[in-house]
Amino acid sequence: MNAPSQFHAPETVNFHRTELSVILSLYGRFVAAGEWRDYGISSLKDVAIFSVFRRTAEQPMYRIEKRPKMAAKQGIYAVIGMDGRILRRGHDLKTVLRVLERKLIRSVE
């Protein structure tokens, strides 16, 4: 008699607490400036996504993605605009998020 096979769900990619801390700090500054109002987090097989919305019922303005399989290439992190264009990609989350910080500085002035 064969032993029953165990079912293993595929591993998902998630943001670590330190990564979320950096992202949520930036998110809080945009909320305080009145630019962003909502966010969503998705953890999928190959990617973790932090989506930012101006209003709840619309397309995300920006997506911050973590793709571990891209670590050896262009970088694990990417910021993607509403139109699907990659605004910045790299290995360091804080450096990648600077593309959004520049937009915050312009909106406050």
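Everything below is about the structure printed above this text.
1. Some words on the overall build of the protein chain
So, step 1. Each helix and strand counted, the protein chain has 2 helices and 5 strands in total.
So, step 2. Listing the helices and strands of the protein chain from first to last along the sequence gives α-β-β-β-β-β-α.
So, step 3. Relative to its 109 residues, the protein chain shows a buried fraction of 33%.
So, step 4. Of the contacts formed within the protein chain by residues at least 6 apart in sequence, a portion of 32% connects residues at least 24 apart.
So, step 5. If you sum the accessible surface of the protein chain, you get close to 7,400 Å²; carbon and sulfur atoms cover 52% of it.

2. A word on the pairing of strand β1 (residues 38-43)
So, step 1. Strand direction decides the pairing type here: β1 and strand β2 (residues 48-53), joined by 6 bridges, are antiparallel. Residue pairing in the sheet places S42 in a bridge with I49 of β2.
So, step 2. Joining the antiparallel neighbours β1 and β2 is a turn of 4 residues.

3. Details of the nonpolar core
So, step 1. In terms of nonpolar packing, the biggest core is built from 22 residues, with I23, W36, F50, I64, V79, L97 and L100 touching the most fellow members.
So, step 2. Mapped by element, the contributors of at least two residues to this core are α1 (17-32), β2, β3 (62-66), β4 (77-81) and α2 (93-108).
So, step 3. No other element matches the 6 residues that α2 contributes to this core.
So, step 4. Sequence-distant contacts of L100, defined by excluding residues within four places in its chain, comprise L26, F30, W36, Y62, I64 and V79.

The rules behind the values
- Residues numbered from 1 in each chain as written.
- Predicted model: local features only at pLDDT ≥ 70, side-chain atom pairs only at ≥ 80, totals over all residues.
- Heavy atoms only, no water.
- Helix = DSSP H or I, 4+ residues; strand = E, 2+ residues; numbered from the N terminus.
- Buried < 20%, exposed > 50% of the residue type's maximum accessible area, 1.4 Å probe, protein only.
- Contact = heavy atoms within 4.5 Å.
- Areas by Shrake-Rupley, 256 points an atom, 1.4 Å probe, with all protein chains shown as cover.
- Pairing = 2+ DSSP bridges.
- Core = buried A, V, L, I, M, F, W, Y, C linked by side-chain atoms within 4.5 Å.

Distances and angles like these do not, on their own, reveal function.
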